[in-house]
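Spelled out from the first residue to the last, the chains are:
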Amino acid sequence: QVQLVESGGGLVQAGGSLRLSCAASGSISSITAMRWYRQAPGKQREFVAQITSSGITNYADSVKGRFTISRDNGKNTVYLQMNSLKPEDTAVYYCAALRSLTLYWGQGTQVTVSS
């Protein structure tokens, strides 16, 4: 099992920045990728960004150039730096860990961007 705890959400004005954190614990040695997803009210959960165990990153087109995913292996933590935030970035952001073809989820953290 993998446990994930997100933090760092909040309220920010359009154009501002936030950094989300996701601390992983449990059986983390075989995690192949860490991801961020988000879900806006009334919408399906969507992929935001991924970082693999080898450090390869990829992003949804909607956040490319504004968001950066990174990790600190010593702290077992993954980050999502979000810059130039837009009102349409408002959502609950979820951290996920891919391990043995199973996706483990955190509880989510709310990000609200005001116009």
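Only a predicted model underlies this, so the values are computations on that prediction, with no experimental measurement involved.

Undergrad: Can you break down the packing of aromatic side chains residue by residue, with the values?
TA: This model, assessed by the stated rule, comprises three aromatic pairs. With a centroid separation of 4.9 Å and an interplanar angle of 55 degrees, the aromatic rings of tyrosine 37 and tryptophan 105 are classed as tilted. Of the two residues, tyrosine 37 is situated in strand E4 (residues 31-39) and tryptophan 105 in strand E10 (residues 102-105); the sequence distance between them amounts to 68 residues. Seen in terms of ring centroids, tyrosine 94 and tryptophan 105 are 6.3 Å apart; in terms of plane orientation they differ by 90 degrees. Their pairing is edge-to-face. Highlighted residues: tyrosine 94 in strand E9 (residues 91-99) and tryptophan 105 in strand E10, separated in sequence by 11 residues. Looking at tryptophan 105, the relative accessible area reads 35%, which means it is partly exposed. An aromatic cluster of at least three residues, connected via ring pairs, comprises Tyr37, Phe47, Tyr94 and Trp105. Lying across the ring of tryptophan 105, arginine 45 places its NZ or CZ 4.6 Å from the centre.

Undergrad: Give a description of the state of the cysteines that names residues and reports values.
TA: For the structure shown, the criterion picks out one disulfide. Disulfide pairing places cysteine 22 opposite cysteine 95 at an S-S distance of 2.0 Å. Here the disulfide of cysteine 22 and cysteine 95 is left-handed, its torsion about the S-S bond being about -75 degrees. Linking cysteine 22 in strand E3 (residues 18-26) with cysteine 95 in strand E9, this pair joins segments that are 73 residues apart in sequence. Residue cysteine 22 is classed as buried on the basis of its relative accessible area, which comes to 0%.

Undergrad: Let's hear about the pairing of E10: which residues, and what values?
TA: In the sheet, E9 pairs with E10 via four bridges, with the strands oriented antiparallel. Among the inter-strand pairings, alanine 97 is bridged to a residue of E10, identified as tyrosine 104. Between E9 and E10, which pair antiparallel one after the other, the connecting turn spans two residues, and serine 100 there sits at a positive phi close to 50 degrees.

Undergrad: Account for the sheet that holds strand E7 (residues 67-72), with residues named and values stated.
TA: Within a sheet, neighbouring strands are paired by backbone hydrogen bonds and run either parallel or antiparallel to one another. As summarised here, the arrangement of the four strands in space is E1-E3-E8-E7, forming an open sheet in which the pairing is antiparallel. Since the sheet does not close on itself, it has two edges, and those belong to strand E1 (2-7) and E7, each with one partner. Ignoring which end each strand starts from, the neighbouring axes of this sheet average 20 degrees apart. For E3 and strand E8 (residues 77-82), the ladder comprises six bridges, and the chain directions are antiparallel.

Undergrad: Please set out the nonpolar core residue by residue, giving values where relevant.
TA: As a rule of thumb, soluble globular proteins bury nonpolar side chains together. Formed by 30 residues in total, the largest nonpolar core has its most connected members in Leu4, Met34, Trp36, Leu80, Met82 and Tyr93. The residues touching methionine 34, leaving out its near neighbours within four places in the chain, are Leu4, Cys22, Ala49, Gln50, Ile51, Ile69, Val78, Cys95, Ala96 and Ala97.

Rules behind the numbers
Residues numbered from 1 in each chain as written. Predicted model: local features only at pLDDT ≥ 70, side-chain atom pairs only at ≥ 80, totals over all residues. Heavy atoms only, no water. Phe/Tyr/Trp six-rings, centres within 6.5 Å; stacked < 30°, edge-to-face > 60°. Helix = DSSP H or I, 4+ residues; strand = E, 2+ residues; numbered from the N terminus. Buried < 20%, exposed > 50% of the residue type's maximum accessible area, 1.4 Å probe, protein only. Lys NZ or Arg CZ within 6 Å of the ring centre and 35° of its normal. Disulfide = S-S within 2.5 Å. Pairing = 2+ DSSP bridges. Axes fitted to C-alpha atoms, helices over the stretch in contact; angles between N-to-C directions. Core = buried A, V, L, I, M, F, W, Y, C linked by side-chain atoms within 4.5 Å. Contact = heavy atoms within 4.5 Å.

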